[in-house]
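Examination of the molecular architecture
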Amino acid sequence: MEAQTTKLSRLGKRPVALPKGVTVNWVVGKIEVQGPKGKLSKIIPNEVAVTKDGDALLVDASAAGRHAPRLQGLGRALLASMVKGASEGYERILELHGTGYRCEVKGRAITFSLGLSHPVVYELPSDVNATVPGDSKGTLLILSSPDKSVLGQACATIRGFRPPEPYAGKGVRYRGEQIRRKAGKAGKGGKK
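The following paragraphs examine the structure supplied in this document. The shown structure was predicted, so the numbers you read here are calculated from the model rather than taken from an experiment.

How each quantity is defined
One numbering rule holds for all chains: residues counted from 1, following each sequence as written. In keeping with the predicted nature of the model, local features appear solely for residues at pLDDT of at least 70, side-chain atom pairs appear and are counted solely at 80 or more, and the whole-chain, interface and lining totals rest on all residues. The side-chain figures draw on all heavy atoms in the structure; neither hydrogens nor water molecules are used. Going along the chain from the N terminus, every DSSP run of H or I of four or more residues is numbered as a helix, and every run of E of two or more is numbered as a strand. Buried residues are those whose accessible area, probed at 1.4 Å on protein chains only, stays under 20% of the maximum for their type, while exposed residues exceed 50% and partly exposed ones sit between those limits. Residue contacts are counted whenever heavy atoms from the two residues lie within 4.5 Å of one another. Every accessible area reported is derived by Shrake-Rupley at a probe size of 1.4 Å, with residue values counting cover from the shown protein chains alone. Only four residue types enter the tally: Lys and Arg on the positive side, Asp and Glu on the negative side; His and the chain ends are excluded. Every charge is mapped to an atom, namely NZ of Lys, CZ of Arg, CG of Asp or CD of Glu. Here, nonpolar core means buried Ala, Val, Leu, Ile, Met, Phe, Trp, Tyr and Cys residues that are tied together by side-chain atoms lying within 4.5 Å of each other. Paired strands are those between which DSSP finds at least two bridges. Orientation is described by axes fitted as lines to C-alpha atoms, over the contacting stretch for helices, and by angles from 0 to 180 degrees between their N-to-C directions. Planes of paired rings set the category: under 30 degrees apart is stacked, over 60 is edge-to-face and the rest tilted, where pairs are Phe, Tyr or Trp rings (Trp by its six-membered ring) whose centres lie within 6.5 Å. The criterion is that NZ of a Lys, or CZ of an Arg, lies within 6 Å of the ring centre and within 35 degrees of the ring normal, and then a charge sits over that ring. Throughout this description, the term salt bridge denotes a Lys or Arg side-chain nitrogen within 4 Å of a carboxyl oxygen of Asp or Glu. Nitrogen and oxygen atoms within 3.5 Å of one another constitute a polar contact, given that in protein one can donate a hydrogen and the other can accept it, and given that sequence-neighbouring residues count only through two side-chain atoms.

Comments concerning the overall build of the protein
Of the regular secondary structure elements, the protein holds two helices and 13 strands. In terms of principal-axis extent, the alpha carbons of the protein reach across some 75 × 50 × 25 Å. When burial is assessed residue by residue, the protein has 35% of its 192 residues classed as buried. Counted over contacts in the protein with a minimum sequence separation of 6, partners at least 24 positions apart contribute 51%. Carbon and sulfur atoms form 51% of the exposed surface of the protein, whose accessible area is close to 12200 Å². Each charge class in the protein can be summarised by its mean position, and for the 32 positive and 16 negative side chains these summaries are 11 Å apart.

Pasting the structure below:
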């Protein structure tokens, strides 16, 4: 019987390039990345080890059995998103579709008019910045942040105020998102 070798994740084996101006500090269970866009820190599993090889970072996992490739892939994905966020940052664009649907940024709060009986006010997380382009008349909202997970949660919360509906397509959607449309009552093809 052969000795069992540790399998590695195909993506987890790929090195993470370290851009200039980005520093990474790691201890068992925690990674801290600092760059021009901000400072990020995440807790990672204890079995994941990070080593520096020139201007690249390598991720390895020491878990037993089938968990090693999973943890290696997870560690590499977290590290790669933190390095990209600290160096370049992330950006998402939300579009407001509907008659009278508008948004306005005042300080750290965004006020939405979404066809409800009241305006919706959303307080931005500390890592997220929001802008409304002047030529969009309040129908575009650009959110940016170095932390991918915080940005994604903020976008999902805002989209949840008025998700796009399938009949008229009104609501808050991500730029480029395809909404599955339904025909409605007119498309039934009445009986004669």
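Section: the nonpolar core
If you look at the biggest cluster of nonpolar residues, it comprises 21 residues, and the most contacted ones within it are I110, F112, L141, L143 and I158. The biggest single contributor to this core is helix 2 (residues 148–161), with four residues. Core analysis: the second largest hydrophobic core is formed by 20 residues, I31, L57, L79 and A86 among them.

Comments concerning the environment of K39
You can see K39 is positioned in strand 4 (residues 38–43). The class of K39 is exposed, set by a relative accessible area of 56%. K39 sits 48 residues away from S87 along the chain, and the two C-alpha atoms are 9.8 Å apart.

As for the sheet that holds strand 11 (residues 129–131)
On the basis of which strands lie adjacent, the open sheet formed by four strands has the order 11-12-7-13 and antiparallel pairing. The open sheet has two free edges, formed respectively by strand 11 and strand 13 (171–174), since each of these has just one partner strand. Strand-to-strand twist across the sheet, computed as the mean angle between neighbouring axes with direction ignored, equals 25°. Pairing of strand 7 (residues 90–97) with strand 13, which is carried by four bridges, proceeds in the antiparallel orientation. Across the sheet, residue L94 finds its bridge partner in strand 13, namely Y174. Taken strand by strand, helix 2 contacts strand 7, strand 12 (140–145) and strand 13, and its axis lies near 5° from that of strand 7.

Structural notes on the environment of A156
Structurally, the position occupied by A156 is in helix 2. Overall, A156 belongs to the partly exposed group, its relative accessible area being 37%. Taking the C-alpha atoms as reference, A156 lies 13 Å from I142; in sequence the two are 14 residues apart.

Describing the packing of aromatic side chains
Counting across every chain of the model gives two aromatic pairs. Three or more aromatic residues link up through ring pairs in this structure, and these residues are F112, Y122 and F161. When the ring centre of Y174 is taken as origin, the NZ or CZ atom of R92, which lies over that ring, is 4.4 Å away.

Here we look at the sheet that holds strand 8 (residues 102–106)
Backbone hydrogen bonds hold the strands of a sheet together, and the pairing may be parallel or antiparallel. One open sheet holds the three strands; their spatial order is 8-9-10, and the pairing between them is antiparallel. Among the strands making up the open sheet, the edge pair consists of strand 8 and strand 10 (120–123). On average, each strand axis in the sheet is tilted by 20° relative to the strand beside it, whichever way the strands run. Sheet topology note: the strand 8/strand 9 (residues 109–113) ladder contains five bridges and is antiparallel. Each residue of the ladder has a partner; that of V105, found in strand 9, is I110. Where helix 2 meets the sheet, it contacts strand 9 and strand 10, and its direction lies at approximately 175° from that of strand 10.

Some points on the side chain of R173
For R173, the position within the fold is in strand 13. Buried within the structure, R173 lacks any salt-bridge partner; its nearest side chain of opposite charge belongs to E95, at an N-O separation of 5.1 Å. A distance of 2.7 Å separates a polar side-chain atom of R173 from the backbone oxygen of G169.

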